[in-house]
Amino acid sequence: MEALTQKREVEMDEAPLVLRSLMDSPCGLRFIFDSLNIYSGYARRRLLEREMYLCKEEIAEAYSKLREFYKLFFEEGANRALADGIRAKFCDLKEISGTLGRLASGAVLDDIELFEIKALILLSQEVGGLASAAGLKVLEQENLDKELEILDPDALKIRAFYIYDAYSKELAALRVRLRSADEERRQELELKERELEFEVRKRLCALLRPSAERLRSNMERLADMDILFAQAEQMREMHLVFPIISDSGKSCYKGLFHPQVKSIKGDEFVPVDIEFDHKPVIITGANMGGKTVTLMMCALAQYLFQFGFGIPAESACIAPVERVFVTMGDGQSMEGGFSSFAAEMLSVNSVIKAAQRGCRLLALIDEPARTTNPVEGRALVEGMLELLSGYSISLVISTHYNVSSGDYKWLRVAGFKNGKMDYRLIEATKGDVPHEAVRIAEELGVDAGWIAAAERHLELELE
């Protein structure tokens, strides 16, 4: 068991912080990603491999670029037609990293690979011209006029590549002879033609080789533009906002919502206000009160912030962290041999180990120790809070346990009112755990005898 515990901790600590590795997080990142209208498959893959931004400078730069795209193309009165025209070009964007790698390494490329490079240059020029006309300053394309001249000596500017006669007088003369050669001479001349074409490709590659990195840079910038267009459009469609980057370690949200849940609930969905810093936050409330969704929203907003997306809120001020730990759901693993309780304990233990190493983290834990008996469960929760409150981390938990006093912040779901659930979070006092389960069960229409029996037992318990 000890070996399994150590393995799990190592995996959580060393897992690459890239978007792809977080797609199955329970917070709903996949919904956001799938909602992006990205035109190029390469851009979609590039976004999935994006590393999570860890410092405020990286985050600020990402939002500066996104803000420019949003302002130019998606604010009220922006030139949407021009945006559509540019974005349509991204359908032609292909990843040619392998070709560019071969070029840089000294290989002689074939006609298809040289065609790929020519197509990239033409696309870069077309998008660059349109973006410049729109006044876009970020992700400017590097000038590749000289490279285009190499691959397009006749200045046709068409997406095709051929070993043109203009490349070699000897080759041009040979081709003239080929057209009138008899069968006996044709094979010999065709062999010579292939030799001359190889020499031309060798010379072209030598001329293009110093530009390999500039070509790669333009390819990546085109993909990043495709991503930024999609992110800016998503901000408009989902009513997302630009966040403020917090310098104090405190995160504050007003009107925080979950786009996926909101799309399902519609007008029934109630946004919440929440803030947290280095003092543990304890959320209590009845089942069906939205505690789990609140934790999901906090996790989602943190990830979106640190990958440079718009934030689903009326306003947001967010502190960067190095890790986000989200512990919710059953967690039972047949493959790993973990019960629900064991999986949960190991997840929380990973939070503790990371905090002890001085990691800046946000930990969101849904009803810890709920799968064991109430006496030990409460003791485990109180012990966890006592231990983690000594570290400079952000911790938000939901619980049904009546936690004893401590330097914590208590919030409570407003609760059941007039036959409806009010999902807003309100300030609570220590130990203010609502007893609404029986009332909710009654509203759901469960057996009246069961309700009456439960109420009698509850009265005895509370005496």
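Everything here concerns the structure above.
In this report, we go over the structure that sits alongside the text.

Conventions adopted
Residues numbered from 1 in each chain as written. Predicted model: local features only at pLDDT ≥ 70, side-chain atom pairs only at ≥ 80, totals over all residues. Heavy atoms only, no water. Core = buried A, V, L, I, M, F, W, Y, C linked by side-chain atoms within 4.5 Å. Buried < 20%, exposed > 50% of the residue type's maximum accessible area, 1.4 Å probe, protein only. Helix = DSSP H or I, 4+ residues; strand = E, 2+ residues; numbered from the N terminus. Contact = heavy atoms within 4.5 Å. Salt bridge = Lys/Arg side-chain N within 4 Å of Asp/Glu carboxyl O. Arc of directions from axis to C-beta. Polar contact = N/O pair within 3.5 Å; in protein donor to acceptor, adjacent residues only side chain to side chain. Expected span 1.5 Å × (residues − 1). Pairing = 2+ DSSP bridges. Axes fitted to C-alpha atoms, helices over the stretch in contact; angles between N-to-C directions. Parallel < 35°, antiparallel > 145°, perpendicular 65-115°, else oblique. Left-handed = near helix turned anticlockwise from the far one by under 90°. Nonpolar A, V, L, I, M, F, W, Y, C, P; charged D, E, K, R; others polar.

### Brief notes about the nonpolar core
Here is step 1 of the chain: Ranked by internal contacts, the top residues of the largest apolar core, which has 113 residues, are Phe 69, Phe 73 and Ile 311.
Here is step 2 of the chain: In terms of residue count, the dominant contributor to this core is helix H11 (residues 212-238) (13 residues).
Here is step 3 of the chain: When residues no more than four places from it in sequence are discounted, the contact partners of Phe 69 are Phe 74, Leu 136, Val 138, Leu 139, Met 225, Leu 228, Phe 229 and Ala 232.
Here is step 4 of the chain: Judged by nonpolar contacts, the second largest core, of 24 residues, contains Ala 354, Ala 369, Val 381 and Trp 410.

### Focus: the pattern of salt bridges
Any two side chains of opposite charge can pair if their charged atoms end up close together.
Here is step 1 of the chain: Throughout the structure, instances matching the rule amount to 29 salt bridges.
Here is step 2 of the chain: Salt-bridge contacts for Arg 46 lead to Glu 220; the nearest nitrogen and oxygen are separated by 3.9 Å. Placement of Arg 46 in helix H3 (residues 41-48) and of Glu 220 in helix H11 is noted, with a sequence separation of 174 residues between them.
Here is step 3 of the chain: Note on Glu 220: relative accessible area 26%, which makes it partly exposed.
Here is step 4 of the chain: Between Arg 370 and Glu 344 there is a salt bridge, and its shortest N-O distance comes to 3.3 Å. With Arg 370 in the loop between strand S7 (361-366) and helix H15 (374-388) and Glu 344 in helix H14 (residues 340-356), the pair connects residues that are 26 residues apart, well separated along the chain.
Here is step 5 of the chain: For Glu 344, a relative accessible area of 6% gives the class buried.
Here is step 6 of the chain: In this structure, a network of salt bridges that share partners links the residues Asp 165, Arg 175, Glu 193 and Glu 197.

### Considering helix H5 (residues 80-89)
Here is step 1 of the chain: Of the positions making up H5, those classed as buried are Leu 82, Ala 83, Ile 86 and Arg 87. Angular distribution of buried residues about the axis of H5 spans 130°; they occupy a single face of the element.
Here is step 2 of the chain: Two or three places before Ala 81, at the start of H5, stands the capping residue Asn 79, its side-chain oxygen 3.4 Å from that residue's backbone nitrogen.

### Quick look at helix H4 (residues 56-73)
Here is step 1 of the chain: A rise of 1.5 Å per residue sets the reference length of H4, with its 18 residues, at 26 Å; its end C-alpha atoms lie 26 Å apart and thus fit the reference within 8%.
Here is step 2 of the chain: Looking at the buried positions of H4, the neighbouring elements they touch are H5, helix H7 (111-134), H11, strand S1 (244-245) and helix H13 (291-306).

### Some words on the pairing of strand S6 (residues 323-327)
Here is step 1 of the chain: With four of its five residues buried, S6 lies for the most part within the structure.
Here is step 2 of the chain: Where S6 and S7 come together, five bridges link them in parallel fashion. Looking at S7, one finds that Arg 323 is bridged to Leu 361.

### So, the pairing of strand S5 (residues 315-318)
Strand residues, when the strand is regular, have side chains that alternate between the two faces of the sheet.
Here is step 1 of the chain: Side chains Ala 316 and Ile 318 of S5 all project onto a buried face; the interleaved residues Ser 315 and Cys 317 project onto a face where none is buried.
Here is step 2 of the chain: Relative to S5, S1 runs parallel, the two sharing two bridges. Residue pairing in the sheet places Ile 245 in a bridge with Ile 318 of S5.
Here is step 3 of the chain: Pairing geometry for strand S2 (residues 251-256) and S5, over three bridges, is antiparallel. Bridging from a neighbouring strand, Tyr 253 pairs with Ala 316 of S5.

### Some points on the environment of Asp 224
Here is step 1 of the chain: Of note, Asp 224 is situated in helix H11.
Here is step 2 of the chain: Apart from the residues lying within four places of it in its own chain, the contact partners of Asp 224 are Arg 46 and Leu 139.
Here is step 3 of the chain: A polar contact is formed between the side chain of Asp 224 and the side chain of Arg 46, at a distance of 2.8 Å.

### Notes on unusual backbone geometry
Generally, phi is negative for residues other than glycine and the peptide bonds are trans, each holding for most cases.
Here is step 1 of the chain: Although it is not a glycine, Ala 155 sits at a positive phi angle of roughly 55°.
Here is step 2 of the chain: Along the polypeptide, Ala 155 turns up in the loop between helix H8 (145-151) and helix H9 (169-180).
Here is step 3 of the chain: Exposure remark for Ala 155: the relative accessible area of 59% places this residue in the exposed category.
Here is step 4 of the chain: Unusually for a residue other than glycine, Ala 369 sits at a positive phi of about 60°.
Here is step 5 of the chain: Along the chain, Ala 369 turns up in the loop between S7 and H15.
Here is step 6 of the chain: Overall, the relative accessible area of 1% leaves Ala 369 in the buried class.

### Topic: the packing of H14 against H15
Here is step 1 of the chain: Between H14 and H15, whose axes approach to 11 Å, the crossing angle comes to 15°. One element, H14, and the other, H15, form an angle in the roughly parallel class. Handedness of the crossing formed by H14 with H15: left-handed. Each of Phe 341, Met 345, Val 348, Val 351, Ile 352 and Ala 355 in H14 lies in contact with H15, whose residues at this interface are Leu 380, Met 384, Leu 387 and Leu 388.
Here is step 2 of the chain: Looking at the contact of H14 with H15 residue by residue, the classes come out as ten nonpolar, no polar and no charged.

### What about the sheet that holds strand S3 (residues 272-276)?
Here is step 1 of the chain: Ordered by their spatial adjacency, four strands build an open sheet running S1-S5-S2-S3, and the pairing between neighbours is mixed. Edge positions in the sheet fall to S1 and S3, since each has one partner strand and no second.
Here is step 2 of the chain: Of the strand pairs in this sheet, S2 and S3 are connected by four bridges, and their pairing is antiparallel. Residue pairing in the sheet places Cys 252 in a bridge with Glu 275 of S3.
Here is step 3 of the chain: Its contacts with the sheet place H13 against S1, S2, S3 and S5, and it is angled at close to 115° to S2.

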